[in-house]
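# Residue-level structural notes
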Number of protein chains: 4
Amino acid sequence: MSKRIGILTGGGDAPGLNAVIRAVVLTAGNCYGWEVVGILQGFDGLYHGLPVVPLIETSVRELLARGGTVLGAANRGSPFAHPIQRPDGTIEYEDVSHEAINRMTDLGLDALIVAGGDGTMSIAHKLVRMGARIVGVPKTIDNDLGSTDVTFGFDTAIHTATESLDKLQTTAESHHRVMVLEVMGRDSGWIALHAGVAGGADAILIPEIPFNIDVVCNKIRQIQSAGRHHSLVVVSEGAASIGGKQEFYIKESSQSGARLGGIGHIVGNLLAECVGAEVRVTVLGHVQRGGSPTPHDRWLATQFGSEAVHLVAQEKWGYMVALQGTEMTAITMEDAVKMKFVDPQGQAIRMARDLGIVFG
Amino acid sequence: MSKRIGILTGGGDAPGLNAVIRAVVLTAGNCYGWEVVGILQGFDGLYHGLPVVPLIETSVRELLARGGTVLGAANRGSPFAHPIQRPDGTIEYEDVSHEAINRMTDLGLDALIVAGGDGTMSIAHKLVRMGARIVGVPKTIDNDLGSTDVTFGFDTAIHTATESLDKLQTTAESHHRVMVLEVMGRDSGWIALHAGVAGGADAILIPEIPFNIDVVCNKIRQIQSAGRHHSLVVVSEGAASIGGKQEFYIKESSQSGARLGGIGHIVGNLLAECVGAEVRVTVLGHVQRGGSPTPHDRWLATQFGSEAVHLVAQEKWGYMVALQGTEMTAITMEDAVKMKFVDPQGQAIRMARDLGIVFG
Amino acid sequence: MSKRIGILTGGGDAPGLNAVIRAVVLTAGNCYGWEVVGILQGFDGLYHGLPVVPLIETSVRELLARGGTVLGAANRGSPFAHPIQRPDGTIEYEDVSHEAINRMTDLGLDALIVAGGDGTMSIAHKLVRMGARIVGVPKTIDNDLGSTDVTFGFDTAIHTATESLDKLQTTAESHHRVMVLEVMGRDSGWIALHAGVAGGADAILIPEIPFNIDVVCNKIRQIQSAGRHHSLVVVSEGAASIGGKQEFYIKESSQSGARLGGIGHIVGNLLAECVGAEVRVTVLGHVQRGGSPTPHDRWLATQFGSEAVHLVAQEKWGYMVALQGTEMTAITMEDAVKMKFVDPQGQAIRMARDLGIVFG
Amino acid sequence: MSKRIGILTGGGDAPGLNAVIRAVVLTAGNCYGWEVVGILQGFDGLYHGLPVVPLIETSVRELLARGGTVLGAANRGSPFAHPIQRPDGTIEYEDVSHEAINRMTDLGLDALIVAGGDGTMSIAHKLVRMGARIVGVPKTIDNDLGSTDVTFGFDTAIHTATESLDKLQTTAESHHRVMVLEVMGRDSGWIALHAGVAGGADAILIPEIPFNIDVVCNKIRQIQSAGRHHSLVVVSEGAASIGGKQEFYIKESSQSGARLGGIGHIVGNLLAECVGAEVRVTVLGHVQRGGSPTPHDRWLATQFGSEAVHLVAQEKWGYMVALQGTEMTAITMEDAVKMKFVDPQGQAIRMARDLGIVFG
């Protein structure tokens, strides 16, 4: 029986989202003869009633290698807490979830595929409990979803961060400098850990292991004593100290309203004080979210998109595709939102410590 | 107890071998205080008694991002079948395995780590049965070792092949051409399959699925009818037809002694006959083996090297490190050499077919 | 006064053509308020009367970084020698240049910008003499146009070729091999020379300097004696020997009809005979034409496209934009087609020889 | 007559310095049979009497593609103003230029090649007037030396910056954001201008053109009205406003001691106020100095290094190599230090404005 399915992308963008969209359209067309329409701007576009975009083979032809999401991800709200500005200027939140569901009916959608992170999956899960026919595709460059071995976008982000470390390394060496690179990862240190190991970092500071700056200082001094006059420190944006001098910096910089001085700069200032070397800080920022996905991420995103269509065929509402080992599987959205953190006692951290990397 | 361990790299090189060497040296030094020496030119260097190279932190400092292997991989023979040229010019094969074992003793090696493919692991396994203390690290860019989910070098090879497809795509489109790319993979189609999916190929020809060229021709004609005037075909070097006209080509080209005319050119000629479009063939060759490893391969190679040292500490002679899911494990070398082929009925091929890709 | 101008791209594609198209559209719109239409498939599309494509800011938004040409370059003929198949199967050539000119009038074109190589400029020059209002933009990845210091696409081609040399270098070193890389350049050796110098080649064979294979063999043996066991040889597709054994190979391979065995493979076979080392050959092929243009080529192509619009404003019919030093200039198409060859006695070759590179 | 020549690298590092060193060693050896020694840490290493490093073919084998400088560039002082700390903690500057000259004699140097920027050339020029035999090689990634069309390192820096813009573009588009990228260029806007044009920027702010933020705001609003909801702004680190609100920010951020808040963040804050869109700022920093040089820079650096040796042979003391058009020339160091700025009325800016780019 022919179907009409919708697809939307929620939350921050990740390299590979367009490859998911392409795989959904190709698989739906080739395997089942189904029609696909794109919902713009995530769930916002759904309940706001933005026009939808018919997606056919020619619309997705060039999406495989393209970063970002052509469906847009500028969405803010949730249908369960839609922000409305009152005449007096205050903001109130309204539950418009029924409108979202009605809109799916109005659009004649037999099913909806949503690609997103834990926020998006929570919303989708609630809508499924209200009767919506939704399957999910996991998306986070942070790789912190517990239910899948890896997510697309992560490999591309690590690629960008490692390339930057490779570049910083040569100039650090020429100038006898300590280079600090702040990378993404508000809650988890996966990007910092993988890029740090792949880029030859001497210290890696991650949210899961509160750091003591003295440990990093000692490591750098020990490297200097051994005759190497440069070092690399990778810092997750969500890294935090276990107390001490660096809190002072954080306080001071927040007083001056400086969103500017993130943890990378704080660590840079602390190191400049304690080691006899110049320190330079780079904050990689949104560059990590962008660019053409790596072949690894294109493959993974394509698998996810294709498998999501089969979940629709199997009417696995409330399920999300996941990768376990080398196999595609499906898990419930409820299980899906559990986050995955770097285990401070786990194999990966032990391996990194064995190489001589310190975690503060 | 302090140890002195050796390391050698056998068989063809793969991006990440130097990262393995670095990880072995760092882990042996940091965790155990062991000394590491490098054996040059694989097992040849061992039984030929080439000088060994002491490896310390400063020797491996720049190896993480470097392609190839600084220990050399120009090795040919096996200690069990060492080629010796007789006065009359004939070649005879001699078993010099006892010399290899004696040499380990002479060098004062408490253990040996060998990084190599199935050939290297077979030799190592036999030496272990003779009493040698060896652990293994799997290495093949072809990803065809059955015992580990993935091997280092594979991701880098796919990266190079996919980049080439991206480049061929733009010129194919401008000129309305069929572009054929021959990639590595004598026995297995992993590189062709992954690069083909990541690079948007229309047809992928692999050793595991004998092809009928008519299926590819029909696919291309169907694409042309739908208004797209270019297409991409990826061919494993080991791909072969199920019979028919292409055998003629293979025979003809082998008569003229032409190592030149590999399967890529044969497929190119066949397609030029059956589709009304210009066909261009690129044989990627050894470019796929080279270059700086991707972050993914640096991480994996580092894990493998580090874990191999722990296997030595545990005296797991005859074992090889392996990756299963996201965990490092160890398997016996005997199990290790089992090859892994693309399953023509498996999930990956099904997914690729769902996208519209034909496999001949 | 408002104008309507056309643009077409002729001959083989080159990275940067799309950036030219974008710059023409933006400059025509922003500076003069002119309308731009794209002619598909070069001059063929003009005299065949293919539909034209209106080009506005939104149509060119994503063209800057995109390889190939969205206007297509699958053109074959010339309006002065249009191939027509007779009923008996023979081909006759007809002069349809008046149709081309009439078509410009029918389309209401006040001027035409053509981006192309020497063939395209010759055609344009003849049409100008018949009264057509045309200005030119030089295009050749081979960099062999005498009238401009450099052409776009050349830097991108060198980038691709040099990256391949970097990759071949690591595997050559690990395996003690001689690596031969055949690059583009049918008549001139610019790509081979620049990529060879940038990629650290030991020998570079170009059309302008007929080679003696013994010189290359001696160089490689000398390198081996000095303790380096690998070497890199770059060969232009148009390179030829000054006589001797290699002619035999060329003859033999042409007998077996082998378009397959280009000069790269011939050189590879000759070297395999004369040096005691394994030789591997890579033919880079169309990969060199493709891909996103480098920043250098995007800048140059943008300058060319923008300046061409100003030439139209100045009614410089029959002129082509050119770069001299860091300045944009204009020269007549008649002067433009003069080719630029590598000077065997010039500064660049002398510099390369000073480094120890041999040219056979 | 055999010579012994020294080489040092001064000032900040630039991709290509190692290629200069390699070209000097190869050319000196191959053409003249001269010996080369490397002086570590610039002029500091000379007058401090650091040990020198003999440089032969094998020492420079892998330098062509390597970023940074193996001779180090951690130098601070000038032999004419060497900082000495007094017992009371104050710093005094001493003229130790005679020691530098004596040291050249002690080392038996017949000549010295210095690669550096305007500071280094000023020092070298003074030493030449005292009788030293020095020739120069220009080095600055900023491309602001007036005497040469282009300097090595510049193309690599633009490459890195343009790649970042490509990446920011996709995420900007998905999220409807304004992306600000701060690039190097304290005194000149060459990097911002070239990367901005190559990366499709909508506004480029450079030191040579004081900006009015309202012009940028208007441009962005105009883009939004035309239906594009993202934009890119490139800012040189040395850009400054012509007055108005942004001074306030500069003042405020300097009060809080925030080296953190460079001009990129200031521009970001100003734009966030005036346009109804999210703004994200990336400060590219030292990543721009690092990495493997592009083929263009390898070629240029190699030409410079090789030509410098010939200048020594011609005893052109006090001269620096330069590129004019496609030719290597030599100019006096006195002329060499004249800086080259972006001409606000020049061809390049006019071209950029023609494309619709605003400069504030």
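These numbers come from a predicted model, not from an experiment.

Regarding its fold elements, chain A presents twelve helices and 13 strands. For chain A, whose C-alpha radius of gyration is 23 Å, the value lies close to the compact-globule estimate of 21 Å for 360 residues. With respect to the three principal axes, the spread of C-alpha positions in chain A is 70 × 55 × 35 Å.

On the side of chain B, 36 residues touch chain A, which itself brings 36 residues to the contact. Counting residues per element, the side of chain A that touches chain B draws most heavily on helix H10 (residues 295-313) of chain A, at seven residues. Along the lines of polarity and charge, the residues of the side of chain A that touches chain B split into 14 nonpolar, 16 polar and six charged.

To continue, consider the interface of chain A and chain D. With 35 residues of chain A at the interface, the matching set in chain D holds 35 residues. Mapped onto the side of chain A that touches chain D, the elements with two or more residues apiece are helix H5 (154-175) and strand E11 (278-283) of chain A. Per-element accounting of the side of chain A that touches chain D gives the leading share, eleven residues, to H5(A). Residues belonging to the side of chain A that touches chain D are distributed by class as follows: eight nonpolar, 20 polar and seven charged.

Looking now at the relation of the copies chain A and chain B. For the pair chain A and chain B, the superposition axis carries a translation of 0.0 Å, the fit reaches an RMSD of 0.1 Å, and the rotation angle comes to 180°. Taken together, the rotation and translation describe the operation of a two-fold axis. No C-alpha of chain A approaches the rotation axis more nearly than that of Gly325(A), which lies at 2.0 Å.

Moving on to the relation of the copies chain A and chain D. Expressed as a screw operation, the relation of chain A to chain D combines 0.0 Å of axial shift with a rotation of 180°, fitting to an RMSD of 0.0 Å. A shared binding surface is used by both copies, with 100% of the interface residues of chain A retained as interface residues in chain D.

Burial of helix H6 (residues 190-198) of chain A is extensive: nine of the nine residues sit out of reach of the surface. Within the span of H6(A), buried status applies to Trp190(A), Ile191(A), Ala192(A), Leu193(A), His194(A), Ala195(A), Gly196(A), Val197(A) and Ala198(A). Considering only its buried residues, H6(A) is in contact with H5, strand E8 (177-183), strand E9 (203-205), strand E10 (231-236) and helix H12 (347-354) of chain A together with helix H10 (295-313) of chain B. In the stretch just after H6(A), Gly200(A) is the one whose phi turns positive, near 75°.

Our focus in this paragraph is the pairing of strand E2 (residues 35-38) of chain B. Residues and elements named next belong to chain B. Taking every second residue as pointing to the same face, the buried face of E2 carries Val36 and Gly38, while none of Glu35 and Val37 on the other face is buried. Read from strand E1 (residues 4-9) through helix H1 (residues 17-32) to E2, the crossover connection turns out right-handed. One ladder, built from three bridges, connects E2 with strand E3 (residues 53-55); its direction is antiparallel. If you follow valine 37 over to E3, its bridge partner there is proline 54.

Residues and elements named next belong to chain C. Look at helix H5 (residues 154-175) against helix H6 (residues 190-198): their axes get within 9 Å of each other, and the N-to-C directions meet at 45°. By the angle class used here, H5 and H6 are oblique. Considering how the two elements wind past one another, H5 and H6 form a crossing that is right-handed. Counting all contacts with H5, which are made through Phe154, Ala157, Ile158, Ala161, Thr162 and Leu165, the residues of H6 involved are Trp190, Ile191, His194, Ala195 and Ala198.

Another aspect to go through is the domain arrangement of chain A. Residue and element names in this part refer to chain A. In terms of domains, chain A is made up of domain 1 (4-152 + 293-336) and domain 2 (155-289). Placing a centre on the C-alpha atoms of domain 1 and another on those of domain 2 gives a separation of 35 Å. Between domain 1 and domain 2, the contact holds twelve residues from the first and twelve residues from the second.

Turning our eyes to something else, we now look at helix H3 (residues 97-106) of chain C. All names here are of chain C. Where H3 is concerned, the buried positions are Ser97, Ala100, Arg103 and Met104. The buried residues of H3 occupy an angular sector of 120° when projected down its axis, which confines them to one face. Across H3 from its buried face, at more than 90 degrees, point the exposed residues His98, Thr105 and Asp106. Against strand E1 (4-9), helix H2 (42-47), strand E6 (111-116) and helix H4 (118-129) lie the buried residues of H3.

Moving on: the pairing of strand E10 (residues 231-236) of chain D. Residue and element names in this part refer to chain D. Burial within E10 is extensive, with six of its six residues counted as buried. Of the two faces of E10, the one carrying Ser231, Val233 and Val235 and the one carrying Leu232, Val234 and Ser236 are both buried. Bridge count between strand E9 (residues 203-205) and E10: three bridges; the pairing is parallel. Paired with isoleucine 204 across the bridge in E10 is valine 234. With respect to chirality, the unit in which E9 leads through helix H7 (residues 213-225) into the neighbouring parallel E10 is right-handed.

Calculation rules
Residues numbered from 1 in each chain as written. Chains lettered and ligands numbered in written order. Predicted model: local features only at pLDDT ≥ 70, side-chain atom pairs only at ≥ 80, totals over all residues. Helix = DSSP H or I, 4+ residues; strand = E, 2+ residues; numbered from the N terminus. Rg over C-alpha atoms; globule rule 2.2 N^0.38 Å. Contact = placed C-beta atoms within 7 Å. Nonpolar A, V, L, I, M, F, W, Y, C, P; charged D, E, K, R; others polar. Least-squares fit on C-alpha atoms with pLDDT ≥ 70 in both. Buried ≥ 20, exposed ≤ 12 C-beta atoms within 10 Å, placed from the backbone. Right-handed = clockwise from strand over helix to strand, strands pointing away. Pairing = 2+ DSSP bridges. Axes fitted to C-alpha atoms, helices over the stretch in contact; angles between N-to-C directions. Parallel < 35°, antiparallel > 145°, perpendicular 65-115°, else oblique. Left-handed = near helix turned anticlockwise from the far one by under 90°. Domains from an automatic or database assignment. Arc of directions from axis to C-beta.

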